[in-house]
Amino acid sequence: MSCKSLLLLIIPIFALAAPTRKQLTQFKNDVATVRGTLKSGKNLAGSEATVRKYLADSTFANEETHMQQLLCDVLKKAYEVGNEKMYLKQPADTVCLVNTGKRMFLAYERLDTLDASGRRRNAAYLLPYRTNIFMGGVFFLRKKAWREAWECFDIYLQCPRTSLFSESALTEDDETTYRVAFLSLITAHHLNSLPMAQRYDDKSVRSKHGREAYEILSEMAMNHGDTLSTHRYLAEGFDAHRTSQYLFSHLVDYLCNSRWYDEALAACDTAITADSLNASFMQGKHIVLMNMERYDESIEWGKKALERNDSLDTPYYNIGYIYYQRAQKVLGKLSKPYRQRLKEAQRHFRQLLPYMERYRALRPDDSKRWKPILYDAYLNLNMGKEFSEINK
């Protein structure tokens, strides 16, 4: 037999090595000690550590189901002891109690995958405490312990999806589930974790805070460079909340940046149909039409937006810029006499003045945009006083 074949035979022997007599004796003694703490209710933290030690030791793999049940018993006892102290208003560690509850749920869920014989009994025992897990999440949320809060919400929301509660008629389609999902989204946002935020995105957007949920999800997807999710959240969110300024503006920006102008224009029309007096929606349509080089319509919608809100700076600049480009185009037609070109261009320069001057008043620090245009306008209109002032 070759050395290679001998090695292949030896490896399984080590993998399946049974515990020694000394290890078995220690194991039995430790289990007896743990069972003793279940009766006394003392040193349960030490018992939990002991049980977890054996669960992590592959030497005792054949005892996994037995030890997992013992872990459940220990956590159950520890939770009941803590709960009783809270009920009797005795000094109790709330953080410890909530964390014990989290571990207890996870331990029972693991046990169910190993041995489902006690499923109904275990589920019936845990269900009354499920709300406590949720409230534990709220407790951590208020303390800004974001990860601990998310873990509580996650355990609560996972219950209907686990085999342990498969016979408990739990639903995921109720207001409480949607609320918890939204709170899990808030904690994921603070943790800047997109996967955690997306875990229950379909539930969080159905909460009473659905609009805010879509806004948070789209912002996080955008910040993480997930363009597909960004588009999905913005599109779905806007479809459900057509008066949201955030979802509208970011959706239109996304579509325009992708050069999907027809879709952007359709979004503008949808928004205006939902709120025909909204100046921001009018401004959005004005911008999209400008990107589509439909300048006359762009000017029209820019003016409509300003009629509703004359403090908007973008339409002032854009309308002025369109007229400026027209003036430049006329001046560039060298086939025509200069005087004829100048006269026609001056008409466009006069048209741009009220808009660009108003933009200057609203955005005085943005001189890189308005100064060159006003400089050319004053020069070509022979407005000496204004030209001298801007040329300083």
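Just so you know, these numbers come straight off a predicted model, no measurement behind them. (Residues numbered from 1 in each chain as written. Predicted model: local features only at pLDDT ≥ 70, side-chain atom pairs only at ≥ 80, totals over all residues. Heavy atoms only, no water.)

Asks: Can you help me understand the overall build of the chain in this one?
Replies: Across its full length, the chain carries 20 helices and zero strands. Its C-alpha atoms give the chain principal-axis dimensions of roughly 110 × 70 × 40 Å. Here the chain, with 392 residues, has 43% of them falling under the buried criterion. Of the contacts formed within the chain by residues at least 6 apart in sequence, a portion of 61% connects residues at least 24 apart. (Helix = DSSP H or I, 4+ residues; strand = E, 2+ residues; numbered from the N terminus. Buried < 20%, exposed > 50% of the residue type's maximum accessible area, 1.4 Å probe, protein only. Contact = heavy atoms within 4.5 Å.)

Asks: It is not clear to me how the packing of helix H15 (residues 279-291) against helix H16 (residues 295-308) should be interpreted in this structure. Could you clarify?
Replies: In a packed pair of helices, the relevant descriptors are the angle between the two axes and the axis-to-axis distance. Running from amino to carboxyl end, H15 crosses H16 at an angle of 160 degrees, the nearest separation of the two axes being 8 Å. Comparing the axis directions of H15 and H16 gives the class roughly antiparallel. Crossing angle aside, the handedness with which H15 passes H16 is left-handed. Contacts between H15 and H16 involve Ala279, Met282, Gln283, Lys285, His286, Leu289 and Met290 from the first element and Tyr295, Glu297, Ser298, Trp301, Gly302, Lys304, Ala305 and Arg308 from the second. A per-class count over the contact of H15 with H16 returns seven nonpolar, four polar and four charged. (Axes fitted to C-alpha atoms, helices over the stretch in contact; angles between N-to-C directions. Parallel < 35°, antiparallel > 145°, perpendicular 65-115°, else oblique. Left-handed = near helix turned anticlockwise from the far one by under 90°. Nonpolar A, V, L, I, M, F, W, Y, C, P; charged D, E, K, R; others polar.)

Asks: I would appreciate a short explanation of the environment of threonine 314 in the present structure.
Replies: With respect to the helices and strands, threonine 314 occurs in helix H17 (residues 314-331). In sequence terms threonine 314 and leucine 362 are 48 residues apart; their C-alpha atoms lie 10.0 Å from each other. Setting aside residues up to four positions removed in sequence, threonine 314 forms contacts with Gln283, His286 and Ile287.

Asks: Please clarify how helix H18 (residues 338-362) should be interpreted in this entry.
Replies: For an α-helix, the turn length of 3.6 residues means that residues three or four places apart are oriented alike. Here H18 spans 35 Å end to end across 25 residues, near enough to the 36 Å set by a 1.5 Å rise per residue. Most pronounced at leucine 353, the bend in H18 amounts to some 35 degrees, and the proline proline 354 follows within four residues. Within the sequence span of H18, burial applies to Arg341, Leu342, Ala345, Gln346, His348, Phe349, Leu352, Leu353, Tyr355, Met356 and Tyr359. (Expected span 1.5 Å × (residues − 1). Bend = angle between axes of the 7 residues up to and from the residue.)

Asks: What is the right way to read the packing of aromatic side chains from this model?
Replies: The description of an aromatic ring pair rests on the distance of the ring centres and on the angle between the ring planes. Going through the model one piece at a time under the given rule, you end up with 19 aromatic pairs. Between lysine 76 and the ring centre of tyrosine 125, over which it is positioned, the NZ or CZ distance is 4.5 Å. Between arginine 369 and the ring centre of tyrosine 317, over which it is positioned, the NZ or CZ distance is 3.7 Å. (Phe/Tyr/Trp six-rings, centres within 6.5 Å; stacked < 30°, edge-to-face > 60°. Lys NZ or Arg CZ within 6 Å of the ring centre and 35° of its normal.)

Asks: Where do I start with the packing of helix H11 (residues 210-223) against helix H12 (residues 227-240) in this structure?
Replies: For the pair H11 and H12, the least separation of the axes is 8 Å and the interaxial angle reads 160 degrees. With respect to H12, the axis of H11 lies roughly antiparallel. Here the hand of the crossing between H11 and H12 comes out left-handed. Facing Tyr214, Leu217, Ser218, Ala221 and Met222 of H11, the residues of H12 in contact are Ser229, Thr230, Tyr233, Leu234, Glu236, Gly237 and Ala240. For the contact of H11 with H12, a count of residues per class yields seven nonpolar, four polar and one charged.

Asks: I'm lost on the confidence of the model for the chain in this one. Help?
Replies: Predicted coordinates in areas of low pLDDT are best not read in detail. For the chain, the mean per-residue pLDDT works out to 94, and 96% of the residues sit at or above 70. Below a pLDDT of 50 lies the segment residues 1-14, which in the model reaches two contacts outside its immediate sequence neighbourhood of four places, other chains included. (pLDDT = per-residue confidence, 0-100.)

Asks: Is there a simple way to think about helix H4 (residues 64-87) in this case?
Replies: In this model, H4 (24 residues) spans 34 Å end to end at C-alpha, consistent with the 34 Å of a helix rising 1.5 Å per residue. Among the residues making up H4, those that are buried are Met67, Gln68, Leu70, Leu71, Cys72, Val74, Leu75, Tyr79 and Gly82. In this fold, the buried residues of H4 make contact with helix H2 (21-40), helix H3 (44-55), helix H5 (94-114) and helix H6 (119-142). One or two positions beyond H4, positive phi appears at lysine 89, with a value near 60 degrees.

Asks: Whenever I open this one, unusual backbone geometry confuses me. Can you help?
Replies: Negative phi characterises most residues that are not glycine, and trans characterises most peptide bonds. Unlike most non-glycine residues, lysine 89 shows phi in positive territory, near 60 degrees. Position of lysine 89 among the secondary structure elements: in the loop between H4 and H5.

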